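Structural description and commentary
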Number of protein chains: 2
Amino acid sequence: MERQSASHLIESDIIVVGGGYAGLAAALRLHDNAADFVLVEAADRVGGRVLTEVRADGVTVDHGGQWVGPTQTRLVALAARFGCPTFPTWEKGNHIEVRHDGTRVPYTGAAPEQGPGIAAYVRITGLLDALARTVDTARPRRTARFAEWDAQTAGDFFRSETNEPEALRRLDLAVQGLWCAEADEISLFHVLFYVAAAGGFEQLMETRGCAQDSRFTGGAAAPAHAVAALLGDRVRLGERVRSIAYGSEGAHARVRVRVRVRTETSEFLARRAIVALPPHAVRALDFTPPLPPGRAAWLAHAPMGRVAKVHAVYDTPFWREAGLSGVATLYDDGPVGVVFDNSPDAGGPYGILVGFVYADRLDRFAALEETARRAAVLDSLASVVGPRARRPRDYTEKIWTHDPFARGGYEAYLTPGGWSAAGEDGWRAPTGPVHWAGTETASEWNGYIDGAVSSGYRAADEVLAALRAADAGGTGR
Amino acid sequence: MERQSASHLIESDIIVVGGGYAGLAAALRLHDNAADFVLVEAADRVGGRVLTEVRADGVTVDHGGQWVGPTQTRLVALAARFGCPTFPTWEKGNHIEVRHDGTRVPYTGAAPEQGPGIAAYVRITGLLDALARTVDTARPRRTARFAEWDAQTAGDFFRSETNEPEALRRLDLAVQGLWCAEADEISLFHVLFYVAAAGGFEQLMETRGCAQDSRFTGGAAAPAHAVAALLGDRVRLGERVRSIAYGSEGAHARVRVRVRVRTETSEFLARRAIVALPPHAVRALDFTPPLPPGRAAWLAHAPMGRVAKVHAVYDTPFWREAGLSGVATLYDDGPVGVVFDNSPDAGGPYGILVGFVYADRLDRFAALEETARRAAVLDSLASVVGPRARRPRDYTEKIWTHDPFARGGYEAYLTPGGWSAAGEDGWRAPTGPVHWAGTETASEWNGYIDGAVSSGYRAADEVLAALRAADAGGTGR
């Protein structure tokens, strides 16, 4: 069925598939080692699930991943190398919790000190932390209680710990906020693995010193664009890969293994490939020989989270004058689950609120017409900062499930049994001469930009070592 | 990113995507109603997950779906219409159970009358049956305990009912045999839905009068080939669809909605489309506009089962002389979980045993070299019918996870939360002018050939009604 392309053949030692942060980091590492490579990206831009837009009035909006924290050392270093400044996320003033019954409760810190379900929520998230400390994020199956945890959903676990509806609502919103999924969809092991990879639950949830610590002055895609500029014409946009074929490494392997990558218009030949795509996009490629069942199963059990990010731009961050931080968590029936102040750095004009629409709420939200979506979001924001929220100067939304390449966000999560079905090697071990990157393959900050970067470095290091061994007269590959 | 094809444009009222039983049944119904249609199939054959091969020595082997039962009335009628005979599955003699400890226990009927774990197995499968009777297979979400059941895995449920390892092993093998998945991967609701769609657990598991009642003399693809022959050049093989675009049905809809389907070489224009592909293949297409999140989520939570089917051909069905049926269930460490006598009908030569390799066992199996796979399978068969099994005259295997189009088998199942994430309409409600078929969308015999056939008829009826309404001056579509 493969279309025989009569188009040009591009040869290099290494081909990197995907121009998000994982692929760019892999290419940068190859560049730094003077390796011969080409990077292909299906979209007409780099950045993948990080997408910075400058709006008509000059406001910079991050539709995708946007934050950086101090323990995300690879992203911090990458930004520093390319001179991309960051600034602290705004969090001064009172946060607002909009409860299920519509009650509006101001608070500071992680959560209100008291209220329905809070004690159980704190206890159970503490338990997640304790269990996560036993997870081996480099070799997940070696985790002592791996099989037990991968056989449950997070929702199973929560219900085994509490039957308080208010506590379960808090836990559900935490899962939605972190994985853009419902607690009943996600493997408990995946939750614990991810908590461990971030260095603890607080790291995931908090701002100062944690995952939401800072933002990029020029948008989170600034380092990506800087890397792409350095790599120049070795980055080829608009090249959507359709198939990857490679020689057998069995007893009858040819002297030099070759990887043949076909896009819609071109054909690439390389000694090694690094595939840095989200799981669903890997799964959509044609592989010859087919992927091993464990690898295929891991990919097939990894749906993308479902999320939309909505921005409302105002003349000023007027909520700050009222002593509000702009941070909110909403348990009511509106579309928005979490709100942050996403205004430009202190010197900049305008005030911006960002809202996140998650999972089941997103399904209902996306079914609305655009005007109804906007009205529903502004209602949510008004419930946090008051009626002035209903009159933004600009409104923009990005429904990630509709993105033709990402098809969801922030990243893929594993459904129950998915990690188990992957076997030892299904997660990220190289498949012949094909190496795997992408934030879903990271042992630290899995799911984050930092995890994407480290996964790219790891895959590049695997490839460099393999080529070095081959060139030293080893296997000849 | 869409490749602008300069190739020919094919117009018809309806385009059917997929030439498995679902797509063929849809096309047949359109044919019977004198509708104007074309069917495109990516492979160079019809039949999809049904694949009949005539081996070198004339033996007919079904690598895919093969059985038909008396309550599968649509498949029965289809076979009768095209004069495709069937014959009863062989089940005379003693079945063999190879236990975890290697013990070999002869039995007749559904399972040994006594033994470790059997009482609990019978009780729990009876419970599945009782719960399944409350499932609404046409409108799954209306099932009273829908949310509760979709939030658990089948494994969760089994462990809540028993802690006997032997009972759990039996339940696990039943899940493997029915869904080619581990109990910890599959939504309990999906299990109950599927049991209900078949008319009960016994219907799924048993032979006489049930799902494994009969086989097709000319192979299970015979009716498919007969339908394709009738449809003639309206069936286009080797046309792999890449994208589907359709006009908006919002307030500003154009007068006539058009569906534009692009394959690698051609472009098709139609008023309506019927997509009859497995979920992963639907998910791999580019849709413009993008699929609604609920539909996308249902697809993303539907991995294919993992299965290989292996056939060993002997000069005679020698096990029959020893009083053995050739039917076996194996709980040991070998690859094969279930064995059937797959010999030709009484008059035919040769004896054939078929073995099924499921899920986690498949992952290990597929990692072996071909000679090691064959040896392991023949060891399994020898443990059932004795050492003569080690000397077949022919051996063939089909690892469905390696099939480039099916990518697994028998069909897709839903992981926990998947049915919930689908919302009301994500399962099979039409998306604009695109209608959905495939056995995964069937309310009766979901997952079976019969379900594929009924899904095709349903989708065709939807389309015919819509076009009739449009032509009557209704919506103009």
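What you see as residue numbers is a count from 1 along each chain, following the sequence as written. Chain A is the first chain written and ligand 1 is the first ligand written, with later ones labelled in order. In keeping with the model being predicted, local features are shown solely for residues with a pLDDT of at least 70 and side-chain atom pairs are shown and tallied solely at 80 or more, while totals for entire chains, interfaces and linings include all residues.

1. Some points on the overall build of chain A
Helix and strand content of chain A: 16 helices and 22 strands. Radius of gyration: over C-alpha atoms. The globule rule applied is 2.2 Å multiplied by the number of residues raised to the 0.38 power. Relative to the globule expectation of 23 Å for 477 residues, the C-alpha radius of gyration of chain A, 23 Å, shows essentially globular dimensions. Viewed in the frame of its principal axes, chain A has a C-alpha envelope of about 70 × 50 × 40 Å. By definition, any uninterrupted DSSP run of H or I lasting at least four residues is a helix, any uninterrupted run of E lasting at least two residues is a strand, and each is numbered from the N terminus.

2. A closer look at the sheet that holds strand β11 (residues 235-236) of chain B
Residue and element names in this part refer to chain B. Pairing between two strands requires that DSSP report at least two bridges joining them. Read across the open sheet, the 5 strands follow the order β11-β3-β2-β15-β22; overall the sheet is parallel. Each edge of the sheet is formed by a strand with only one pairing partner; in this case those strands are β11 and β22 (434-436). Of the strand pairs in this sheet, strand β2 (residues 14-17) and strand β15 (residues 272-275) are connected by 4 bridges, and their pairing is parallel. By the bridge assignment for β15, valine 16 is matched with isoleucine 274. A pair of residues counts as a contact when their C-beta atoms, built from backbone coordinates, are within 7 Å of each other. Simply put, an axis is a line fit to the C-alpha atoms, just over the touching stretch for a helix, and the angle between two N-to-C directions goes from 0 to 180 degrees. Against the sheet, helix α1 (residues 21-32) contacts β2, β3 (37-40) and β15, and its axis sits at roughly 160 degrees relative to β2. The sheet strands contacting helix α16 (residues 449-471) are β2, β15 and β22, and the helix crosses β15 at an angle near 175 degrees.

3. Structural notes on the packing of helix α3 (residues 118-132) of chain B against helix α6 (residues 165-179) of chain B
Think of two packed helices as two axes; the pair is described by the angle between the axes and how far apart they sit. All names here are of chain B. One can describe the packing of α3 onto α6 by two numbers: an axis separation of 8 Å at closest approach and a directional angle of 45 degrees. Classified by the interaxial angle, the pair formed by α3 and α6 is oblique. When you trace α3 past α6, the crossing you get is right-handed. Two secondary-structure elements touch here, α3 through Ala120, Tyr121 and Ile124 and α6 through Ala167, Arg170 and Leu171. For this classification, the nonpolar set comprises Ala, Val, Leu, Ile, Met, Phe, Trp, Tyr, Cys and Pro, the charged set comprises Asp, Glu, Lys and Arg, and every other residue, Gly included, is treated as polar. When the residues that make up the contact of α3 with α6 are grouped by side-chain class, the tally is 5 nonpolar, no polar and 1 charged. Roughly parallel refers to an angle under 35 degrees, roughly antiparallel to one over 145, roughly perpendicular to one between 65 and 115, and oblique to any angle outside these ranges. In this scheme the handedness of a crossing depends on how the near helix is turned from the far one: anticlockwise by less than a right angle means left-handed, clockwise means right-handed.

4. Things to note about the nonpolar core
Connectivity within a nonpolar core runs through C-beta atoms within 7 Å, and the core itself is a set of buried Ala, Val, Leu, Ile, Met, Phe, Trp, Tyr and Cys residues. Between the buried cut of 20 or more and the exposed cut of 12 or fewer other C-beta atoms within 10 Å of a residue's own C-beta lies the partly exposed class, and all C-beta atoms are placed from the backbone. Counting 304 residues, the largest nonpolar core has Ile15(A), Ile274(A), Ile15(B) and Ile274(B) as the members making the most contacts within it. Leaving out residues up to four positions away in the same chain, Ile274(B) has contacts with Ile14(B), Val16(B), Val17(B), Ala26(B), His435(B), Ala437(B), Ala459(B), Ala460(B) and Val463(B).

5. Some words on the domain arrangement of chain A
Residues and elements named next belong to chain A. Domain annotation of chain A identifies domain 1 (9-50 + 221-291 + 431-471) and domain 2 (51-110 + 208-216 + 305-405). What marks off one domain from the next here is an automatic or database domain assignment. Each of domain 1 and domain 2 has a C-alpha centre, and these two points are 32 Å apart. Within the residue set of the side of domain 1 that touches domain 2, elements represented by two or more residues are α9 (222-231) and α16 (449-471). No other element matches α16, which puts 5 residues into the side of domain 1 that touches domain 2. Within the side of domain 1 that touches domain 2, the residues separate by chemical class into 14 nonpolar, 2 polar and 2 charged.

6. Some details on the interface of chain A and chain B
With 48 residues of chain A in contact, the opposing surface of chain B contributes 47 residues. Of all the elements, helix α11 (residues 293-300) of chain A adds the most residues to the side of chain A that touches chain B, at 5 residues. Residue composition of the side of chain A that touches chain B, grouped by class: 19 nonpolar, 15 polar and 14 charged.

7. Section: the pairing of strand β12 (residues 241-246) of chain A
Pairing of β12(A) with strand β13 (residues 259-263) of chain A involves 5 bridges; the strand directions are antiparallel. In the sheet register, Ser243(A) faces β13(A), and the bridge partner there is Arg262(A).

8. Remarks on the packing of helix α13 (residues 359-366) of chain A against helix α11 (residues 293-300) of chain B
Direction vectors running N to C along α13(A) and α11(B) enclose 140 degrees, while the axes themselves pass 8 Å from each other. Judged by the inter-axis angle, α13(A) sits oblique to α11(B). On α11(B), the residues touching Leu362(A), Asp363(A) and Ala366(A) of α13(A) are Pro293(B), Gly294(B) and Ala297(B). A breakdown of the residues in the contact of α13(A) with α11(B) according to their chemical character gives 4 nonpolar, 1 polar and 1 charged.

9. Section: the sheet that holds strand β10 (residues 214-216) of chain B
Residue and element names in this part refer to chain B. Strands sit in the order β6-β10-β7 across an open sheet of 3 strands; the sheet is antiparallel. Of all the strands in the sheet, just β6 (67-68) and β7 (86-88) have a single pairing partner and so form its edges. Judged from the 3 bridges that link them, β7 and β10 form a sheet pairing that is antiparallel. Bridge pairing links threonine 86 to phenylalanine 216 in β10.

10. Digging into unusual backbone geometry
For the bond running from Gly409(A) to Tyr410(A), omega is -10 degrees, close enough to zero to count as cis. Inspection of the secondary structure assignment puts Tyr410(A) in the loop between β21 (394-399) and α15 (418-421). Pro289(B) follows Thr288(B) through a cis peptide bond whose omega is -5 degrees. Residue position: Pro289(B) is located in the loop between β16 (286-288) and α11. Phi is positive for Cys180(B), which is not a glycine, with a value near 55 degrees. Structurally, the position occupied by Cys180(B) is in the loop between α6 and α7 (188-198). Among the residues examined, Cys180(B) registers 28 C-beta atoms within 10 Å and is labelled buried.

11. Notes on the relation of the copies chain A and chain B
Relating one copy of the chain to the other requires a rotation about an axis plus a shift along that axis. Laying chain A over chain B is done by rotating through 180 degrees and shifting 0.0 Å along the axis; what remains is an RMSD of 0.0 Å. The transformation just described matches what one would write down for a two-fold rotation axis. Of every C-alpha in chain A, the one belonging to Ala284(A) sits nearest the axis of rotation, 2.6 Å from it. A symmetric contact is evident, with 96% of the interface residues of chain A recurring at the interface of chain B. Superposition of the copies was done by least squares, using only C-alpha atoms of residues whose pLDDT is at least 70 in both.

12. As for helix α5 (residues 154-161) of chain B
Turning to α5(B), its buried residues number three or more, namely Ala154(B), Gly155(B), Asp156(B) and Phe158(B). Where α5(B) is buried, its residues touch α5 (154-161) of chain A together with α3, α6 and α7 of chain B.

13. Things to note about the environment of Gly426(B)
Residue and element names in this part refer to chain B. With respect to the secondary-structure elements, glycine 426 resides in the loop between α15 (418-421) and β22. The exposure class of glycine 426 is buried, given the 25 C-beta atoms found within 10 Å. In sequence terms glycine 426 and glycine 294 are 132 residues apart; their C-alpha atoms lie 4.6 Å from each other. Apart from residues no more than four positions distant in its own chain, glycine 426 is found in contact with Gly294, Arg295, Ala297 and Trp298.

14. Here's the deal with the pairing of strand β9 (residues 104-107) of chain A
Across 4 bridges, strand β8 (residues 94-98) of chain A lies against β9(A) in antiparallel orientation. Paired with His95(A) across the strands is Tyr107(A), a residue of β9(A).

15. Notes on helix α7 (residues 188-198) of chain A
Given 3.6 residues to a turn, an α-helix orients residues that are three or four positions apart in the same direction. All names here are of chain A. Most of α7 is tucked away, with 11 of its 11 residues classed as buried. Contact partners of the buried residues in α7: α3 (118-132), α4 (146-150), α5, α8 (201-205) and α15. Glycine 199, located one to two residues past α7, shows a positive phi value of around 90 degrees.

16. Points about the confidence of the model for chain A
Residues and elements named next belong to chain A. Scored from 0 to 100, pLDDT reflects the predictor's confidence in each residue. Confidence in the prediction of chain A, expressed as mean pLDDT, is 94, and 95% of residues score 70 or more. For residues 1-5, every residue scores under 50 in pLDDT, and the model assigns this stretch 9 contacts once sequence neighbours within four places are set aside. The low-confidence segment residues 249-255, where pLDDT is below 50, has 7 contacts with residues more than four positions distant or belonging to other chains. Scored as a whole, the predicted complex attains pTM 0.92, and scored at its interfaces, ipTM 0.87.

17. Some thoughts on the environment of Ile399(A)
Within the secondary structure, Ile399(A) sits in strand β21. Measuring from C-alpha to C-alpha, the distance between Ile399(A) and Gly64(A) comes to 10.0 Å, with 335 residues separating the pair along the chain.

18. A look at the environment of Ala375(B)
Take Ala375(B): it is sitting in helix α14 (residues 370-385). Classification of Ala375(B) as partly exposed rests on a count of 13 C-beta atoms within 10 Å.

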